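# Reading the structure
What follows is the residue order along each chain.
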Amino acid sequence: LLEGPAIGSQWDISDLAFDSYKKYSSNLVALKNDKVKLPYLIKDLEGLLAHLYKVSEINKTNYQLYITMVSLENILTYMSDRPYTDENRDRVLGVLEKAKALSPTNPSVYWNMAQTKVWGGDFKGAEEAYRNAILVAPRLPSSYTLFLQYANILGDKKLFEEVMIEAKNNIPNYVFNK
């Protein structure tokens, strides 16, 4: 994959990256607690991400690649316990802007933006990202659920009630499940 033809590396690596993401995300806590394997997992993630950034310079139209890169960046931050720097935030937000350009009405871009903003300490920016997710897909329950979970974690009862009212207005049978 590292030396393959451009088309092969673009598509093969995107699927491989997504499969890697699914594997890591399905067992994050156990992987992080395995102190023998953890250094190797971190090194593997760093190597995979370095390659994905190279591929993304060639393939500028692969939405899944961009979203998977962001997810892997966040897993790497969690697994390594490294501080979330301005450089991390800017790099991830840059990838998300590329994904948004490809699919501006896909709420997952905004969900990822919200998470990135929270990790970077920008809570107002996170709230704006959740609002944008609702704007692009007002009948999608997931956007409300994520925004409500966020308000719940913050302990912001006013925001929680505001989002709940909007959810019920747009999705009459909406039920929030924590």
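Residues numbered from 1 in each chain as written. Predicted model: local features only at pLDDT ≥ 70, side-chain atom pairs only at ≥ 80, totals over all residues. Heavy atoms only, no water.

### Quick word on the confidence of the model for the protein
In this model, the protein carries an average pLDDT of 91, and 93% of its residues clear a pLDDT of 70 or more. Low confidence marks residues 1-5, where pLDDT is under 50. Its contacts with residues over four positions away, or in another chain, come to six contacts. (pLDDT = per-residue confidence, 0-100. Contact = heavy atoms within 4.5 Å.)

### A word on the pattern of salt bridges
All chains considered together, the criterion is met by eleven salt bridges. One salt bridge connects Lys117 with Asp122, and the closest N-O pair in it is separated by 3.9 Å. For Lys117, a relative accessible area of 21% translates into the label partly exposed. One salt-bridge network, in which partners are shared between bridges, spans Glu73, Glu87 and Arg91. (Salt bridge = Lys/Arg side-chain N within 4 Å of Asp/Glu carboxyl O. Buried < 20%, exposed > 50% of the residue type's maximum accessible area, 1.4 Å probe, protein only.)

### Quick word on the nonpolar core
Formed by 51 residues in total, the largest nonpolar core has its most connected members in Tyr24, Leu52, Leu72, Met79 and Tyr174. Mapped by element, the contributors of at least two residues to this core are α1 (6-25), α3 (38-58), α4 (63-80), α5 (86-102), α6 (107-119), α7 (123-136), α8 (141-154) and α9 (157-170). With ten residues, α4 is the single largest residue contributor to this core. Ignoring sequence-local partners within four residues, the contact set of Met79 consists of Tyr24, Leu28, Leu31, Lys32, Leu38, Leu41, Ile42 and Leu45. (Core = buried A, V, L, I, M, F, W, Y, C linked by side-chain atoms within 4.5 Å. Helix = DSSP H or I, 4+ residues; strand = E, 2+ residues; numbered from the N terminus.)

### Things to note about α8
With 14 residues, α8 should cover 20 Å at 1.5 Å per step; its first-to-last C-alpha distance of 20 Å lies within 8% of that length. Within α8, burial applies to Ser143, Tyr144, Thr145, Phe147, Leu148, Tyr150 and Ala151. Packed against the buried residues of α8 are α6, α7 and α9. Directly after α8, the chain includes Gly155, whose backbone phi takes a positive value near 75 degrees. (Expected span 1.5 Å × (residues − 1).)

### Considering the packing of aromatic side chains
One pass over the full model with this rule turns up seven aromatic pairs. Centre to centre, the rings of Tyr84 and Trp119 are 5.3 Å apart; their planes meet at 70 degrees, and the pair counts as edge-to-face. In this pair, Tyr84 sits in the loop between α4 and α5 while Trp119 sits in helix α6, placing the two residues 35 residues apart along the sequence. Judged by its relative accessible area of 16%, Tyr84 falls in the buried class. Ring centres of Phe147 and Tyr150 lie 6.4 Å apart, and the angle between their planes is 35 degrees; this geometry places the pair in the tilted category. Taken together, the residues span about one helical turn, with Phe147 and Tyr150 both in helix α8 at a distance of three residues. Taken together, the ring pairs in this structure connect Tyr130, Phe147 and Tyr150 into an aromatic cluster. Directly above the ring of Tyr78 sits Lys32, whose terminal nitrogen or CZ lies 4.1 Å from the centroid. (Phe/Tyr/Trp six-rings, centres within 6.5 Å; stacked < 30°, edge-to-face > 60°. Lys NZ or Arg CZ within 6 Å of the ring centre and 35° of its normal.)

### Remarks on the packing of α7 against α8
For the pair α7 and α8, the least separation of the axes is 9 Å and the interaxial angle reads 155 degrees. In terms of their interaxial angle, α7 and α8 are classed as roughly antiparallel. Seen along the crossing, α7 lies across α8 with a hand that is left-handed. Here α7 contributes Phe123, Ala126, Glu127, Tyr130, Arg131, Ala133 and Ile134 to the contact with α8, which in turn contributes Ser143, Tyr144, Leu146, Phe147, Tyr150 and Leu154. Taken together, the residues of the contact of α7 with α8 sort by class into ten nonpolar, one polar and two charged. (Axes fitted to C-alpha atoms, helices over the stretch in contact; angles between N-to-C directions. Parallel < 35°, antiparallel > 145°, perpendicular 65-115°, else oblique. Left-handed = near helix turned anticlockwise from the far one by under 90°. Nonpolar A, V, L, I, M, F, W, Y, C, P; charged D, E, K, R; others polar.)

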